[in-house]
Each structure stands twice: as structure tokens, then as C-alpha cells.
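Listed below are the residues making up each chain.
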Amino acid sequence: MNQLDQLSQLQTQALDELAAAQDEQALEAWRIKWLGRKGLVPAAVKRIGSLPREERAAYGKAVNQLKQAVQAAFEARKQALSEAKLEAELKAEAIDVTLPGRRPQVGRMHPISRTLRQIYEVFAYMGFQIYTARDVETDEYNFQLLNFPKGHPAREMQDTFHTTVPDVILRTHTSPGQIRVMRERHPEPIRVILPGKCYRYEQVTARAEMMFYQVEGLAVGRNITFADLKGTLHAFAEQVFGEGRKLRFRTSHFPFTEPSAEVDIDCILCGGKGCRVCKYTGWLEILGCGMVHPNVLRNGGYDPDEFTGYAFGMGPERVAMLLYGIDDIRYFYANDARVLPQL
Ligand SMILES: [Zn+2]
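Residues numbered from 1 in each chain as written. Predicted model: local features only at pLDDT ≥ 70, side-chain atom pairs only at ≥ 80, totals over all residues. Heavy atoms only, no water.

Explain the sheet that holds strand 5 (residues 211–221) to me, please; I cannot follow it from the model alone.
Strand pairing in a sheet takes place through backbone hydrogen bonds and is either antiparallel or parallel in direction. Ordered by their spatial adjacency, seven strands build an open sheet running 1-4-5-9-8-7-6, and the pairing between neighbours is mixed. For this open sheet the edge positions go to strand 1 (129–130) and strand 6 (247–254), each flanked by a neighbour on one side alone. Of the strands in this sheet, strand 6, strand 7 (257–266), strand 8 (283–292) and strand 9 (308–314) touch helix 8 (residues 226–241), which is tilted by about 150° from strand 8. Against the sheet, helix 10 (residues 316–324) engages strand 5, strand 8 and strand 9, with an angle of about 110° to strand 5. (Pairing = 2+ DSSP bridges. Helix = DSSP H or I, 4+ residues; strand = E, 2+ residues; numbered from the N terminus. Contact = heavy atoms within 4.5 Å. Axes fitted to C-alpha atoms, helices over the stretch in contact; angles between N-to-C directions.)

Hey, could you run me through the coordination of the zinc ion in this one?
Each pair of donors in an ideal octahedron of six around a metal sits at 90 or 180 degrees, and each pair in an ideal tetrahedron of four sits at 109.5 degrees. C267 (SG), C270 (SG), C275 (SG) and C278 (SG) make up the full set of protein donors to the zinc ion, lying at 2.2 to 2.3 Å. Coordination at the zinc ion comes from four donor atoms whose angles at the metal span 101 to 116°, giving a geometry best classed as tetrahedral. We note that the donor set of the zinc ion lies within a single chain, spaced as C-x2-C-x4-C-x2-C. Of the two residues, C275 and C278, neither departs from the other in class, the shared state being buried. (Donors = N, O, S within 2.8 Å, 3.2 Å for Na, K, Ca; no water. Tetrahedral: all angles 85-135°; square planar, octahedral: opposite > 155°, others 65-115°. Buried < 20%, exposed > 50% of the residue type's maximum accessible area, 1.4 Å probe, protein only.)

Would you explain helix 5 (residues 111–125) in this entry?
A turn of α-helix holds 3.6 residues, and therefore any two residues three or four places apart point the same way. The end-to-end C-alpha distance of helix 5, which contains 15 residues, comes to 21 Å, matching closely the 21 Å that a straight helix rising 1.5 Å per residue would cover. The elements touched by buried residues of helix 5 are strand 4 (190–199), strand 5, helix 8, strand 9, helix 10 and helix 11 (330–333). Where helix 5 ends, the next residue or the one after it, G127, has phi of about 90°, a positive value. (Expected span 1.5 Å × (residues − 1).)

Explain the nonpolar core here, please?
Most often, soluble globular proteins have nonpolar side chains that are buried together. Counting residues in hydrophobic clusters, the biggest one holds 40 residues, and the most contacted among them are F236, L287, F312 and M314. If you list the elements that add at least two residues to this core, you get helix 5, strand 5, helix 8, strand 7, strand 8, strand 9 and helix 10. Ranked by residues supplied to this core, first place goes to helix 8 with six residues. Y131, F148, I169 and Y302 belong to the second largest nonpolar core, which has 24 residues in total. (Core = buried A, V, L, I, M, F, W, Y, C linked by side-chain atoms within 4.5 Å.)

What exactly am I supposed to notice about the packing of helix 1 (residues 3–20) against helix 4 (residues 53–92) here?
Helix-helix packing: each pair is described by the crossing angle between the helix axes and the interaxial distance. Between helix 1 and helix 4, whose axes approach to 10 Å, the crossing angle comes to 5°. Taken together, the axes of helix 1 and helix 4 are roughly parallel relative to one another. Taking contact as the criterion, the partners of Q3, L4, L7, L10, Q11, A14, L15, L18 and A19 in helix 1 are, on helix 4, E55, A58, Y59, A62, V63, L66, A69, V70, A73, F74 and R77. Residues that form the contact of helix 1 with helix 4 fall into these classes: 16 nonpolar, two polar and two charged. (Parallel < 35°, antiparallel > 145°, perpendicular 65-115°, else oblique. Nonpolar A, V, L, I, M, F, W, Y, C, P; charged D, E, K, R; others polar.)

Looking at this model, I keep getting lost on unusual backbone geometry. Mind explaining?
Leaving glycine aside, a negative phi is the common case for residues, and trans is the common case for peptide bonds. In the segment running from H186 into P187, the intervening peptide bond is cis, with an omega of 0°. Along the chain, the position of P187 falls in the loop between helix 7 (176–185) and strand 4. Following E258, the chain continues into P259 via a peptide bond in cis, with omega recorded as -5°. Along the chain, P259 falls in strand 7. Positive phi, close to 80°, is recorded for N147, a residue that is not glycine. One can find N147 in the loop between helix 6 (139–142) and strand 3 (168–170). Non-glycine residue D167 carries a positive phi angle of around 65°. Considering the arrangement of structural elements, one finds D167 in the loop between helix 6 and strand 3.

In C-alpha cells:
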């Protein structure tokens, strides 16, 4: 085989091997073998010096052509591999814009906050202001000024959280706010609601929490009667529980009102026929109320011979339980993310 045939064979081998190089690594190995400083192509070029003078021209021309052809083939292969690689990468990272997105979880108002706002709105419409009183109270405001002297049996109904400071407690009801607002506004007439958290050292059950809300109402003026109280509560019940609600007043006893009553509405679920929720009575208890006791008026700075007033108190949790059909108060404060969004 002469030199030129050998060159031709060398070129065929180089191009075959190049075609077999499938990635950058294989291509680099091929480059070192064929075009590197000690590669087969430079070696073939160098061989020109060892040839007899008369063969050099033909060999030189052929080896140059070989070198150029192999070089060009390498560049083309390199380009093709790089394009293929890019295409593969784009394919792998492709985003399918037709897939449905992931919705972020959105917060919403707590059912008790919603109920509170609904109650505020109804009373605001009737001209009541919101008065916010403190959560930490003295025994005097929480009990004594509201006609619960020390040792009064009604105190036992409200198991109390005491603090390390003598006679400083967590309020067991929102009623101490009545004394605070009266002492602040005296001798002006008053029409306020007093919402807030209350605390009782109680067994937590489906019906009772240690921390719960109350919304208290208080009106004090010169000609306020029990009829005003009834009218106000009737308007409230219709606004919150629906038109045509019936109210039932049952006599009761609270130390800070006289007379006192507990108020029922006709059952919003069965309309009074009797069902599980109303325990087959047809009635649902929603609040307690009464005319402000003369002692309490006096403690607030109002002369009971001149002024009268009414007060009422309700549990927004109870209202929300009825409105949303919940039978366990613990759902509200357990902060179970599976439960709250259902309400
Ligand atoms: Zn019922």
C-alpha cells in the first residue's frame, strides 16, 4: 500500500470514529487521538520529512487535504453535538403551562370574629357604641361593685383565675365594664356594648371553654324601661337569626340586675316544633338580661331615683354555634386548619 492509499484509509478511519462519538467526552477523546499535538493527523503531516524528495509534493497536497477534511468534520460534529445537548436540556426543563397551578392557602376571618362583627353592626345600627374594658380586673370591679359581696353564693358560679397580686383577677364576665363606663360617662345617658374575652377556671367541655367571649349591653338613662330592653333584644334577634323570631323571657336571677330574665328564641332549626338542637323544647336560650340593679347604678355614680337602665349579656360562641350548626365550642379555639375553613 502506497503512502496516498494509507492517507485515504487514515481519513476513512478518522471520520468513522468521529461519527461514533456521541457526547462531548467522546469527542474530546477523539480530538486528542486525531488532532492533538501527538495525534495521528499531525504525525501523518510530519511524515512528509521522511519521504523521498519526488514523493513529497503529492503527499504534501494529500495530507493537507486530509487535515482540512478531518478538521472541518470535527467542527461540524462539535456543533451538532452542542445543539443536540441544548435541545435535550430545553426539553428536560420545559414547563407545561397547561398544568393547573397550586393555589396558595388564603386566610379568612375566624367565625367568632365574623359573629362579633355581625353583632356590632346590629347594635351600632341601633345607636350603641362599643366600649372596650380591661381583661385583668380587681375583685372589686368584677364582683363587689356588681352586687356580689365576698362570700356571695353566685361567685361560685364563676370559678375565677387569680393572679399573684391579691384581689387582681382575670375578669369572669364583661360586666365590670358596666361600672367603668358608668363612672367615666356619668351623668350622661349611656348606650354601649362591651365585648371581650372572659376567663373561668372550668373544665373544658363541648359547652364550656376556659376562655370565651361575651358581648354585654348597657343602657342607662332617665326613662328606660323593660319594654325598651324587650324591643332592643327583639330587633337584635330578628337581625341575627331571621325575621319573625319569637322571644320568650323567663324570670331568672343575677346579682347585678333586678328583675332579671333569661331570653330564648324559637328554635331556628325546627321553628319551634322541637328537635335535637333545642332538646325538643322548641326554644333556644341566647342571653341573660335585666334592669340594672339600683346598687349597681349607685356604684356607677347614677342616682337610682333619677336613672334606670337595662343590661344584657350573650356568648358569641353560642350565637356562632347556632348560626353555623356547630355542637362543640372547642372547635373554635383548637385552631384545626381542617375545621375552620368549613365554617
Ligand atoms: Zn329545634
